[in-house]
Amino acid sequence: MDQPPASAARLRVLSGIQPTGRFHWGNYFGAIRQYIELQDAGDAFYFIADLHALTTVRDPERLRGFVRDAALDLLALGLDPERATLFVQSDVPEVTELTWLLMTVAPMGLLERCHAYKDKKARGLPADTGLFTYPVLMAADILAYDADVVPVGEDQVQHIEVCRDLAGTFNHLYGEVFRLPKPRLVEGGAKVPGTDGQKMSKSYENTIEVFEDLAAQKKKIMRITTDSRPMEDPKDPESDHLYQLYALLAAEPDVAAMAALYRQGGFGYGQVKKALVEATATYFAQARQRRAELAADPQVIDTVLAAGAERARAAAGAVLDRARQACGLGRRAVGARA
Ligand code: TYM
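Values in this document were obtained by computation on a predicted structure and should not be read as measured data.

Draft legend 1. Examining the packing of aromatic side chains more closely. Per the counting criterion, the structure on display carries 17 aromatic pairs. Relative to Phe-29, the ring of Tyr-28 has its centre 4.8 Å away and its plane inclined at 85°; by these criteria the two rings are edge-to-face. With a relative accessible area of 0%, Phe-29 lands in the buried category. In this structure an aromatic cluster arises from ring pairing among Tyr-28, Phe-29, Tyr-283 and Phe-284.

Here is the structure:
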């Protein structure tokens, strides 16, 4: 049998992102920035998780629009299709077949403990099996590409643990089929706070989108919640979500100066918000310009995604084949040995 290489010549990097709306700062600083950074660290595969998005987006035109926007946003933010493979999840049907193979070794209890399903159930909302088995599809996504490293935010770590569990069980039953991946988090970006101080997330309605217009961003920034301590009090910058956001976006010397100002006291949060508005305009200026250029040529996206799908299918096909053979699917010539 074709085994996973024991030590890969090149690091395999893989990650996925859902097209459920426009990307926000949490997506960017937690994940996308890592995608860009890692595209030269090895063979990088990044995909737009439209199958996962189907568990929440039930409008076909919106979903198609989100997928295109996601591709445009990723390219504008620096993902380079010459250096990384960018594709759409549903263009690789090998992954859905692999999901079934993994489903046969996925204990109910393991999936019941996964937070997306657990949270929905706790809120008394009806959950479908798509949401329940979501982590199995995600495991297939990762294992299908022999990924070593999965750059993500903190909220995805549990899913990567599930992936490792399922891969371990499958390997235990059928031999060394899958390579075990590790999550990769970045300091300061693993849990980006939203405008209310909780984790930035669409479901909390506390997001600031990367490419929304500057006036809308300014409005949201000016409404970021702050505490009511007197202006003159010294404050700990690290524990303030407004400062944490500023630290992600501003230039290093400005961040250091802001931290000093917090510790010294005698400043207003309005002043910090104004500085954050300026920092975001500068930080994403180039990406905004690039996005406008890319959007002018709709063909680019189709070409990039088609080439990406081809490369991704080749990689996933090899792994699926290995898994099928290992568990007894497919016909092997009589007398042939593994
Ligand atoms: P998704 O689409 O919710 O989020 C995409 C990426 O953004 C990160 N992220 C954050 N990071 C830091 N702070 C935040 N506030 C924040 N909000 C979001 C997420 O951690 C993620 O890395 N299940 C995945 C998509 C997926 C996937 C995969 C990821 C499907 N298959 C295979 C990796 C590998 C998800 O829903 O991410």
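From this point, the narrative continues.
Draft legend 2. Representation of the domain arrangement of the protein. For the protein, the assigned domains are domain 1 (11–192 + 298–337) and domain 2 (212–283). Centre-to-centre separation of domain 1 and domain 2, based on C-alpha positions: 35 Å. Between domain 1 and domain 2, a total of about 590 Å² is buried, with carbon and sulfur atoms accounting for 77% of that surface. It is Trp-25, Phe-29 and Val-192 in domain 1 that bury the most area against domain 2; as a group they hold 77% of the surface buried on that side. Linking domain 1 with domain 2 are 0 salt bridges, by the criterion used here. Here domain 1 and domain 2 share 1 residue pair in polar contact (both at pLDDT 80 or more) between them. Taken together, the residues of the side of domain 1 that touches domain 2 break down into 4 nonpolar, 1 polar and 1 charged.

Draft legend 3. Layout of the pattern of salt bridges. Summed over the entire model, instances satisfying the criterion amount to 19 salt bridges. Asp-43 is paired through a salt bridge with Arg-10; the nearest N and O atoms lie 3.0 Å apart. Of the two residues, Asp-43 sits in strand β2 (residues 42–48) while Arg-10 sits in the segment before β1 (11–17), which places them 33 residues apart along the sequence. Relative accessible area serves as the criterion here: at 29%, Asp-43 is assigned to the partly exposed category. For Arg-10, a relative accessible area of 46% gives the class partly exposed. Between Arg-12 and Asp-43 there is a salt bridge, with its nearest N and O atoms 3.9 Å apart. You can see Arg-12 sitting in strand β1 and its partner Asp-43 sitting in strand β2, a full 31 residues away along the chain. Linked through salt bridges whose partners overlap, the residues forming this network are Arg-22, Asp-69, Asp-73 and Arg-291.

Draft legend 4. Broad picture of the nonpolar core. Within the largest apolar cluster, 56 residues are counted, with the highest numbers of intra-cluster contacts made by Trp-25, Tyr-46, Leu-74 and Leu-276. Looking at which domains feed residues into this core, each of domain 1 (11–192 + 298–337) and domain 2 (212–283) gives three or more. Here Leu-276 is in contact with Trp-25, Ile-221, Ile-224, Leu-242, Leu-245, Tyr-246 and Leu-249, once residues within four sequence places are set aside. Of all hydrophobic cores here, the second largest spans 45 residues; its members include Val-95, Leu-143, Cys-163 and Val-319.

Draft legend 5. Examining unusual backbone geometry more closely. The phi torsion at Asp-146 lies on the positive side, around 50°, for a residue other than glycine. Positionally, Asp-146 belongs in the loop between α8 (134–143) and β4 (149–151). For Asp-146, a relative accessible area of 8% puts it in the buried group.

Draft legend 6. Looking closely at the site of the ligand. Lining the immediate surroundings of the ligand are 27 residues, of which Gln-18, Tyr-134, Asp-141, Asp-155 and Val-192 lie closest. At 3.2 Å, a backbone N or O of Gly-26 approaches a nitrogen atom of the ligand. Tyr-134 is positioned with one of its side-chain polar atoms (N or O) 2.7 Å from an oxygen atom of the ligand. Isolated, the ligand exposes 700 Å² of accessible area, and the fraction of that covered by the protein chains is 95%. Contributing elements (two or more residues each) for the shell around the ligand: β1, α1 (25–38) and α8. Looking at the shell around the ligand residue by residue, the class counts come to 12 nonpolar, 11 polar and 4 charged.

Draft legend 7. Seen up close, the pairing of β2. For β2, a buried count of 6 out of 7 residues is recorded, marking the element as mostly surrounded by other parts of the structure. As defined by bridge partners, β1 adjoins β2 across 7 bridges and the pair is classed as parallel. By the bridge assignment, Arg-12 is partnered in β2 with Asp-43. In this fold, the crossover linking β1 to β2 by way of α1 has right-handed handedness. Inspection of the sheet shows β2 paired to strand β3 (residues 84–88) by 5 bridges, in the parallel sense.

Draft legend 8. Spotlight on the side chain of Asp-141. Along the polypeptide, Asp-141 turns up in helix α8. Setting aside its immediate chain neighbours within four residues, Asp-141 contacts Leu-14, Phe-47, His-52, Gln-89 and Val-95.

Draft legend 9. Layout of the environment of Thr-207. One can find Thr-207 in the loop between β5 (182–184) and α10 (214–222). On the basis of relative accessible area, Thr-207 is assigned to the buried category, the value being 10%. Sequence separation of Thr-207 and Pro-298 is 91 residues, and the distance between their C-alpha atoms is 27 Å. Residue contacts for Thr-207: discarding those within four places in its chain leaves His-24, Met-200, Ser-201, Lys-202 and Lys-220.

Parameters and conventions
- Residues numbered from 1 in each chain as written.
- Predicted model: local features only at pLDDT ≥ 70, side-chain atom pairs only at ≥ 80, totals over all residues.
- Heavy atoms only, no water.
- Phe/Tyr/Trp six-rings, centres within 6.5 Å; stacked < 30°, edge-to-face > 60°.
- Buried < 20%, exposed > 50% of the residue type's maximum accessible area, 1.4 Å probe, protein only.
- Domains from an automatic or database assignment.
- Buried area = accessible area lost by both parts, 1.4 Å probe.
- Salt bridge = Lys/Arg side-chain N within 4 Å of Asp/Glu carboxyl O.
- Polar contact = N/O pair within 3.5 Å; in protein donor to acceptor, adjacent residues only side chain to side chain.
- Nonpolar A, V, L, I, M, F, W, Y, C, P; charged D, E, K, R; others polar.
- Helix = DSSP H or I, 4+ residues; strand = E, 2+ residues; numbered from the N terminus.
- Core = buried A, V, L, I, M, F, W, Y, C linked by side-chain atoms within 4.5 Å.
- Contact = heavy atoms within 4.5 Å.
- Near = heavy atom within 4 Å.
- Areas by Shrake-Rupley, 256 points an atom, 1.4 Å probe, with all protein chains shown as cover.
- Pairing = 2+ DSSP bridges.
- Right-handed = clockwise from strand over helix to strand, strands pointing away.

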